[in-house]
Amino acid sequence: MKMAGFFSKFFAFARKVPDSSTGFLQKDTSSLSPYVRRIISDAVLFNEIPSPMEKEEERTAFIVRRLGEFGVGSVSPDGEGNVAVLFPGTKPTDECALLFADIENDAYSPLDSSARLSGGVASGNGLADNSIGVAALLVLAEYFQKNRIQHDINIVMLFTRLAYMNEEFAGLRRFLSSWDGKISFAFYVTGIQQGNIEAHSQGHYKLTVTAHTGEHEVMENSSQASAVSVLSNIAFRLGAIRWDTENSTTLNIARIVGGVGYGFFPSEGFLELEIYSGTSSALEMTKNAVEATIRKIAAETGASVDFTVNSFIPVSDAEINAFLTDALKKIHGELKIKSSFVSVPDKTAILNSFGIPAVSIGITRGKKSLGEEYVELAPVETGFRQLILLLERGIVHGELREP
């Protein structure tokens, strides 16, 4: 069944349901401890499920099963990695608020993604970016269901794939293209970004450059450059370029890998780089200039060079998001969450490209680096309360309706 068709039929049924509570604060939220414990336990269980997979069958099955255990009936998996959940409004309307979380973990490994709890933190590859956000959204669905909470407008929760096999936002785009109602605003529920507020918009490209040259031993007489020499030349030339007069664009050579060992010239290797910019035009201009520079060096050296865009996040629209970020600042103050004003690429920018205001909501704090990844357990309750309060303000009181 197509997603749009499912929701059309479900709306017709749901509007016959008698009204219940119309706000979070009409229910007792003084003790969220049981829900918080389930956020942590569900995150640990979810984190150990293999990912990424083509359609994330195992992860979506876990989500559908947990929602069924909560008694949530309006669940619509699309078989392509999306699971949508509808909580209908008490009034006939096509207006909704969208909450979404990313179900993929491209850093998964059977050993490193097995969660470990110690000293008030949980560690494991995937917890910081994905699993805590997914678990918080699952438990929010349980909170809605058990407290029979309804609102004037519809709430849609979406568990989706934000990137797979170089298809950036593939699952989210599929959902947005099939949705025939009005999405008034959206929240991206994520892991360790609690307190973050966008200060300046940043777009982002991640690129891979692969070089292939002829194979020959060090002692052979050959004038052809090695793959590492070609990649080093590319890195040097790109690093010497000033990309714009305002210095608002940054290019980073993330790593160079190549070679088979002593005694042989490296015949293949790859370079990973990333571009950041606060303006869409400069971001695209830089990406095009990088590609042209790479192709020129390939022609000069005779190497076979391939250029791949691995990831793209557009520059977000700070103007349409302003009323959301203002509300987030106020709630940080009320909950004593320390606000951190950051300038980083934000995945909610894809919503902006559809004309939808959106912000990211971090559930906890923690760290993600090459050597370690962990989430702090104590801030989870405040992060969950933050999400509840934002919805209360936005839906019941209308404070988050776009001006």
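As shown above, the structure is provided for reference.
Everything numeric in this text was worked out from a predicted model, so none of it was measured. The numbers attached to residues start from 1 for each chain and follow its sequence in the written order. In keeping with the model being predicted, local features are shown solely for residues with a pLDDT of at least 70 and side-chain atom pairs are shown and tallied solely at 80 or more, while totals for entire chains, interfaces and linings include all residues. The basis for the side-chain values is all heavy atoms of the structure; hydrogens and waters are excluded.

A. Broad picture of the side chain of lysine 287. Tracing the backbone shows lysine 287 in helix 7 (residues 280-301). In this view, lysine 287 contacts Tyr205, Leu207, Ile275 and Phe307; residues no more than four positions away in its chain are not counted. The way it works is that DSSP assigns letters per residue, a run of H or I at least four long becomes a helix, a run of E at least two long becomes a strand, and they are numbered from the N terminus. In this description, contact between two residues means that some pair of their heavy atoms is separated by no more than 4.5 Å.

B. Inspection of the pairing of strand 2 (residues 83-87) at higher detail. A 1.4 Å probe rolled over the protein chains alone gives each residue an accessible area, and that area as a share of the maximum for its type sets the label: buried under 20%, exposed over 50%, partly exposed in between. Here strand 2 lies mainly inside the structure; five of its five residues are buried. Of the two faces of strand 2, the one holding Val83, Val85 and Phe87 and the one holding Ala84 and Leu86 are both buried throughout. Turn length for the strand 1 (residues 75-77)-strand 2 hairpin, with the two strands adjacent in sequence and antiparallel, is five residues, and the turn residue glycine 79 shows positive phi of about 80°. A strand pair is defined by DSSP finding two or more bridges across the two strands. Taken together, the five bridges between strand 2 and strand 6 (residues 154-160) define a ladder with antiparallel strand orientation. Looking across to strand 6, one finds that alanine 84 is bridged to leucine 158.

C. A look at the sheet that holds strand 12 (residues 249-258). Spatially, 12-13-11-14 is the arrangement adopted by the four strands of the open sheet, whose pairing is antiparallel. Each end of this open sheet is capped by a strand with a single partner; those strands are strand 12 and strand 14 (304-313). Across this sheet, the average inter-strand angle for adjacent strands is 15°, counted without regard to direction. In this sheet, strand 13 (residues 268-277) lies alongside strand 11 (residues 203-212) in antiparallel orientation, the contact comprising ten bridges. The partner of glycine 203 across the bridge, within strand 13, is serine 277. Axis lines are fitted through C-alpha atoms, for helices just across the contact stretch, and the angle between N-to-C directions can take any value from 0 to 180 degrees. Relative to strand 13, helix 6 (residues 227-239) is tilted by about 15°, and along the sheet it contacts strand 11, strand 12, strand 13 and strand 14. Along the sheet, helix 7 makes contact with strand 11, strand 12, strand 13 and strand 14, crossing strand 14 at roughly 165°.

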